Amino acid sequence: MDVSKDLVAASATPLVLAILADGDSYGYAIIKRVADLSGGHLQWTDGMLYPVLHRLERHGHIAAKWSESEAGRKRRYYRITKEGRAQLAAQRKQWQVVDGALRGIWLKACPA
Amino acid sequence: MTSFAGQPLEGQIAEWRSFVRRRQALHGPDVEELEGHLRDQLAELTEAGLSGDEAFLVAVKRMGNLDALSREFALEHSERLWKLLVIARDDSDAAAKTSKAEVLVVVGLAIAAALAIKLPALFGLHLRPDEEMPPFYFRNASLFVFPLLAIYFLWKRASGVASSLWLVLPFAAAALFANVYPFPTGSNTEILTALHLPIALWMAVGFAYIRGRGLAGNDRMDFVRFSGELFIYYVLIALGGGVFTGFTMMIFQSIGINPAWFVAGWLVPCGAMGAVIIASWLVQAKQSVIENMAPVLTRLFTPLFTILLLVFLVTMAWTGSPINVKREVLIGFDLLLVLVVALVLYATSARDPQAPPGFFDALQLLLVVSALVVDGVALAAIAARISEFGFTPNRVAALGENLILLVNLAGSAWLYAHFLRQRTSFAALERWQIAYLPVYSIWAAIVVILFPPAFGYG
């Protein structure tokens with residue numbers, strides 16, 4: 001099962017913010033983490049993560065800096081900011097509303 | 001394990017890198033970041049047992065379609081290629097067709113602008129070399145060409161006619177307020193109207209430029225960039241026009257014919273109007289050929305103006321000579337603030353919002369602070385004069401503008417200081433500048449609409 005494009009796009013921001021709230025990270029690791037978390041069902045086109053990261057950075061939700069990776073290559077590490085955490089909390093509430101609404105109707109309409 | 005020295009993979013990565021580099025939306029650091037990603041992916045795939053070629057194919061495929069990717073980057077970083085407008089069109093065949101149609105539309109609108117300035121002549125308002133220009137032309141200067149410029153943008157952005165119809169309103173209102181008030185000849189409020197109407201109307205042109213989507217910050221910044229480049233192109237065209245005019249006079253006078261009636265009545269006014277449309281088109285079309293000039297000039301003149309203001313302050317403190325408040329001083333200091341705001345605005349527009357604070361940002365802060373101090377000193381001197389001689393429309397207009405610019409600069413200084421101490425991102429400063437833009441036009445509209453009746457058209 002592949003999750004639809006729109007859902008992937010909509011969930012990208014809260015996922016990235018939540019993963020960074022869990023600890024600083026970089027692009028490749030974030031994508032790995034998303035794949036792990038979703039059991040491989042959330043397939044991102046790898047490159048598309050970076051415009052998302054840059055947008056979040058522009059909005060001040062995350063901050064970035066170049067550091068050396070363990071192998072000695074330059075890598076861009078991202079960390080969540082205070083505003084980012086606030087944004088994450090807001091997004092979480094919105095998703096809970098969506099989730100709650102869906103659950104309510106699914107139990108009635110199509111009991112699994 | 002992200003280096004593949006000595007393997008064919010390293011060559012493939014280099015090829016991929018140079019291919020990606022050709023995309024104008026992707027800058028060096030972005031490519032580096034993506035390459036790091038590619039290498040991580042390759043390391044994992046080869047470790048899992050794939051051959052170099054297989055791993056490379058999979059990794060590149062997972063990275064995604066480069067066209068789509070660079071389009072995403074372009075949307076996110078519109079400051080990098082607002083000029084190319086690649087977001088709107090990626091089909092080169094269609095692009096070639098529209099550009100031919102565009103030339104026709106541009107030439108048509110330029111001719112329309114040139115004819116528009118001649119319309120008043122049908123009603124007896126002539127432009128003649130030996131007579132003063134009727135004030136009608138001063139008051140309505142922007143109305144001859146701005147509506148046509150708006151039409152050009154609406155056409156270019158393929159905006160619907162119905163949704164853009166409301167843009168007629170500001171232009172109609174401008175025509176009304178420029179012409180219904182009974183100004184005595186040469187009154188101060190009439191001159192104020194002539195000076196402020198273009199500023200107020202420029203916002204309407206801006207709405208046409210951004211297709212009425214006034215909320216997205218990127219779009220507004222694009223319009224700021226456009227305005228700066230348009231100004232520079234216009235000055236360049238005007239220089240050329242001056243040379244052209246000079247030769248016209250010279251060669252005809254050499255055979256005993258005076259072409260002054262043609263130069264003053266046709267060449268200069270029609271050229272000045274048509275050039276606005278042509279320059280706008282050139283800004284859009286030729287951006288890829290010429291680098292943006294406004295940011296380059298900003299870089300050049302920011303240090304010079306900073307030094308000038310600092311030396312001025314030191315000299316004033318040293319000699320103790322007060323500012324000699326004459327008629328023009330208040331306007332002069334207004335213009336100084338306008339210039340500093342423009343330097344800040346264009347430095348902001350060209351800056352990579354993600355770059356860390358640097359020397360140039362500190363210099364900008366120094367410039368803004370010294371401008372604030374200089375203006376503070378000037379304002380104190382002017383306030384004394386006003387309390388002595390009372391209010392006139394010129395003084396109130398100049399004071400209002402001074403205040404508006406002061407607030408902008410104070411806010412900018414505050415945000416620059418915060419940014420330099422890494423308390424806030426550069427985006428905050430950019431947002432402040434963008435959010436402030438309508439204030440200028442609204443104040444200009446107030447001057448046009450309220451000042452003449454408030455000061456008895458004097």
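These numbers come from a predicted model, not from an experiment. (Residues numbered from 1 in each chain as written. Chains lettered and ligands numbered in written order. Predicted model: local features only at pLDDT ≥ 70, side-chain atom pairs only at ≥ 80, totals over all residues.)

A. The overall build of chain B, seen in detail. For chain B, the helix and strand inventory stands at 18 helices and 0 strands. Within chain B, the fraction of its 458 residues that count as buried is 32%. Sequence-distant contacts, at least 24 apart, represent 81% of the contacts inside chain B between residues at least 6 apart. (Helix = DSSP H or I, 4+ residues; strand = E, 2+ residues; numbered from the N terminus. Buried ≥ 20, exposed ≤ 12 C-beta atoms within 10 Å, placed from the backbone. Contact = placed C-beta atoms within 7 Å.)

B. Region of interest: the packing of helix H2 (residues 27-37) of chain A against helix H3 (residues 49-58) of chain A. Residue and element names in this part refer to chain A. Two elements in contact, H2 and H3, have axes whose closest approach is 11 Å; the angle formed by their N-to-C orientations is 110°. Compared by their axis directions, H2 and H3 come out roughly perpendicular. Of H3, the residues touching H2 (which contributes Gly27, Ile30 and Ile31) are Leu49, Tyr50 and Leu53. Grouping the amino acids of the contact of H2 with H3 by side-chain chemistry returns 5 nonpolar, 1 polar and no charged. (Axes fitted to C-alpha atoms, helices over the stretch in contact; angles between N-to-C directions. Parallel < 35°, antiparallel > 145°, perpendicular 65-115°, else oblique. Nonpolar A, V, L, I, M, F, W, Y, C, P; charged D, E, K, R; others polar.)

C. Structural view of the interface of chain A and chain B. Taken together, the 19 residues of chain A in the interface contact 21 residues of chain B. Among the secondary structure elements, those contributing two or more residues to the side of chain A that touches chain B are H2, H3 and strand S3 (74-80) of chain A. The element contributing the most residues to the side of chain A that touches chain B is H3 of chain A, with 6 residues. Residue composition of the side of chain A that touches chain B, grouped by class: 5 nonpolar, 6 polar and 8 charged.

D. Spotlight on the pairing of strand S2 (residues 62-68) of chain A. All names here are of chain A. Pairing geometry for S2 and S3, over 7 bridges, is antiparallel. Within S3, the residue paired with Ser67 across the bridge is Arg75. The antiparallel pairing of S2 with S3 creates a hairpin that spans 5 residues between the two strands, and Gly72 there sits at a positive phi of about 90°. (Pairing = 2+ DSSP bridges.)

E. A look at the sheet that holds S2 of chain A. All names here are of chain A. Taken in spatial order, the 3 strands make up an open sheet running S1-S3-S2, and their pairing is antiparallel. Of all strands in the sheet, those bounded by a partner on one side alone are strand S1 (25-26) and S2. The sheet strands contacting H3 are S2 and S3, and the helix crosses S2 at an angle near 120°.

F. Spatial organisation of helix H14 (residues 293-319) of chain B. Residues and elements named next belong to chain B. Between its first and last C-alpha atoms H14 spans 38 Å; for 27 residues at 1.5 Å apiece the expected length is 39 Å, and the two agree. The sharpest bend along H14 reaches about 35° and sits at Phe301, with the proline Pro303 one to four residues further on. Downstream of H14 by a residue or two, Gly320 has a phi angle that is positive, lying close to 70°. (Expected span 1.5 Å × (residues − 1). Bend = angle between axes of the 7 residues up to and from the residue.)

G. Expanded view of the nonpolar core. Residues Ala113, Val145, Leu149, Ala150, Ile277 and Val340 of chain B are the most contacted members of the largest nonpolar core, which totals 76 residues. Grouped together as the second largest cluster of nonpolar side chains are 33 residues, Ala12, Val16 and Leu17 of chain A together with Phe56 of chain B included. (Core = buried A, V, L, I, M, F, W, Y, C linked by C-beta atoms within 7 Å.)

H. How the structure looks around the pairing of S3 of chain A. Relative to S3 of chain A, S1 of chain A runs antiparallel, the two being bridged by 2 bridges. The residue of S3 of chain A that forms the bridge with Tyr26 of chain A is Tyr77 of chain A.

I. Inspection of the packing of helix H10 (residues 168-179) of chain B against helix H11 (residues 188-209) of chain B at higher detail. Residues and elements named next belong to chain B. Viewed as axis vectors pointing N to C, H10 and H11 meet at an angle of 170°, and their least axial separation amounts to 10 Å. Taken together, the axis directions place H10 and H11 in an arrangement best described as roughly antiparallel. Here Pro170, Phe171, Ala174 and Ala178 of H10 come into contact with H11, specifically with Thr193, Leu197, Ala200, Leu201 and Ala204. Considering only residue class, the contact of H10 with H11 consists of 8 nonpolar, 1 polar and no charged.

J. Representation of the environment of Val103 of chain B. Checked against the element boundaries, Val103 of chain B lands in helix H6 (residues 92-116). Taking C-alpha positions, Val103 of chain B is 9.6 Å from Ile278 of chain B, a pair spaced 175 residues apart along the chain.

K. How the structure looks around the confidence of the model for chain B. The pLDDT averaged across chain B works out to 82; a share of 90% of its residues lies at or above 70. With pLDDT under 50 throughout, residues 82-95 of chain B is counted as low confidence; its partners more than four residues away or in other chains account for 15 contacts. (pLDDT = per-residue confidence, 0-100.)

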